Amino acid sequence: MENVGSSEWLSAADCAARTGLTARALRVYEEFGLISPRRSAAGWRQYGPHDLMKLNTIALLKTAGLSLAQIGEVTCSSAGKPSLQQILAIQLDTWERRRADAEHGTAIAKAALDRLRAKQSLSIDELCNLIRSLEMTQSQPGTASTGHDDVAWTTVEPAVLDSYAGFYLRGEYAVTRIWREGQMLFIDAPIPGSLGAVALHPTSETEFYPTHGAGYFQYTFLHDAQGAVSGVQMRVQGVKFTSPRIDAAAAEQRMASLRERIRGQQARPGSEAALRRLVEGIHAGYPPYEEMSSQLQRLVRLQLPLLKPLAEYFGEFRSIEFCGVESEGWDQYDVHCERGTSRWRIALSANDKIASASLDWERPNLAAV
């Protein structure tokens, strides 16, 4: 970060340009109590040398892996400046929790693989439960827990929440609706562990986590150059999917197209062959990444250590059967293999790449062998 003279005060735009941050990031830091810029006579924020020193400290602590809540803990102490001991203690706690999670998942997966390699019994339900347990949040449906007990929640003004209310395009046909009730935002997007609408809990003015699926899903609202809400970005296991905002008329057109596709119940040309190549590639350990969207590539790479053992358990591919178009316009197929059948969903993009694909963990069945 550049230096600023002792008598020089910067506007939010100048401070953002000087530090490489965005004006929105400056406001988020202020909401967390990390900085306190003074106000001009006209009410504009002004950033001085002390603020720039704090921003430099925040940047260093973020590089060290600390969350904004943790940064607040160490920078708001009576000493005013975090000690190296404080930073290292928080860093150590963060890495130990991550290591514990990794060791837990590794132990479960290794035990399952060892049993498979030894040709011992391992039910398909056990394996699917294993995969679900590693992917989903620890929150249980019907509880008030968000799965983020260590996150500092905040309150967002109703006017800001109202600015997020509307329709967002998810894929080629599906439309996500977001609305406000009281002090909360709600979303109707499908989230594991949820039935119907899901509340979104804010950690900043733009970042929200759902009640169910927390730790697995994260939503961040996007703005254009004029400050208008342009879309919402969903992060799943670190992979980002962006849904552009659309008006009510466009949303109705998309939903009408979806209703027509569901009524027709016709598979999209090429989806069956694409799914077969995907399933056979997973079984061989070499999925056809070149045929996938960039987001799906990253998800498959993350899940391959769990998908491949499941594919091996089902055995050699036998046939594939179209089961209809589901509620979001995806084609559904039953994939029949040597030792069982699994239900898959697939959606192709306009350029015939695999935009999305997923295995329905609730539907795999063992064959009677």
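Residues numbered from 1 in each chain as written. Predicted model: local features only at pLDDT ≥ 70, side-chain atom pairs only at ≥ 80, totals over all residues. Heavy atoms only, no water.

**Q** It is not clear to me how the pairing of strand β4 (residues 174–181) should be interpreted in this structure. Could you clarify?
**A** Two faces make up the sheet, and in a regular strand the side chains alternate between them. Of the pairings in the sheet, the one linking strand β3 (residues 166–170) to β4 comprises five bridges and is antiparallel in character. Across the sheet, L169 pairs through a bridge with V175, a residue of β4. (Pairing = 2+ DSSP bridges. Helix = DSSP H or I, 4+ residues; strand = E, 2+ residues; numbered from the N terminus.)

**Q** Just checking my understanding: could you explain the pattern of salt bridges for this structure?
**A** Two side chains that carry opposite charge are able to pair once their charged atoms sit near each other. Enumeration over the complete set of coordinates arrives at 16 salt bridges. The salt bridge involving R259 is made with E252; its shortest N-O contact spans 2.7 Å. Taken together, the salt bridges that share partners define one network made up of E30, R39 and R45. (Salt bridge = Lys/Arg side-chain N within 4 Å of Asp/Glu carboxyl O.)

**Q** I would appreciate a short explanation of the nonpolar core in the present structure.
**A** The nonpolar side chains of a soluble globular protein tend to be buried, and buried together. L275, L278, I282, V335, W344, I346 and I354 are the most contacted members of the largest nonpolar core, which totals 25 residues. Counting only elements with at least two residues in this core, the list comes to α9 (271–284), α10 (294–314), β11 (317–325), β12 (331–337), β13 (340–348) and β14 (354–359). Per element, the largest residue contribution to this core is seven residues, and it comes from α10. When neighbours within four sequence positions are excluded, I282 is seen to be in contact with P287, L304, L307, K308, A311 and W344. Counting 22 residues, the second largest nonpolar core, distinct from the first, contains I178, V198, L200 and V239. (Core = buried A, V, L, I, M, F, W, Y, C linked by side-chain atoms within 4.5 Å. Buried < 20%, exposed > 50% of the residue type's maximum accessible area, 1.4 Å probe, protein only. Contact = heavy atoms within 4.5 Å.)

**Q** Help me understand the sheet that holds strand β10 (residues 239–246), please; the structure alone is not making it clear to me.
**A** Paired through backbone hydrogen bonds, the strands of a sheet run either parallel or antiparallel to each other. Around the barrel, eight strands lie side by side as β3-β4-β5-β6-β7-β8-β9-β10; this closed barrel has antiparallel pairing. Direction aside, neighbouring strands of the sheet carry axes that sit 35° apart on average. Of the pairings in the sheet, the one linking strand β5 (residues 184–187) to strand β6 (residues 198–202) comprises three bridges and is antiparallel in character. Opposite I187, over in β6, you have V198 as the bridge partner. Running over the sheet, helix α8 (residues 248–264) touches β3, β4 and β10 and is turned about 115° from β10. Of the strands in this sheet, β9 (229–236) and β10 touch α10, which is tilted by about 145° from β10. (Axes fitted to C-alpha atoms, helices over the stretch in contact; angles between N-to-C directions.)

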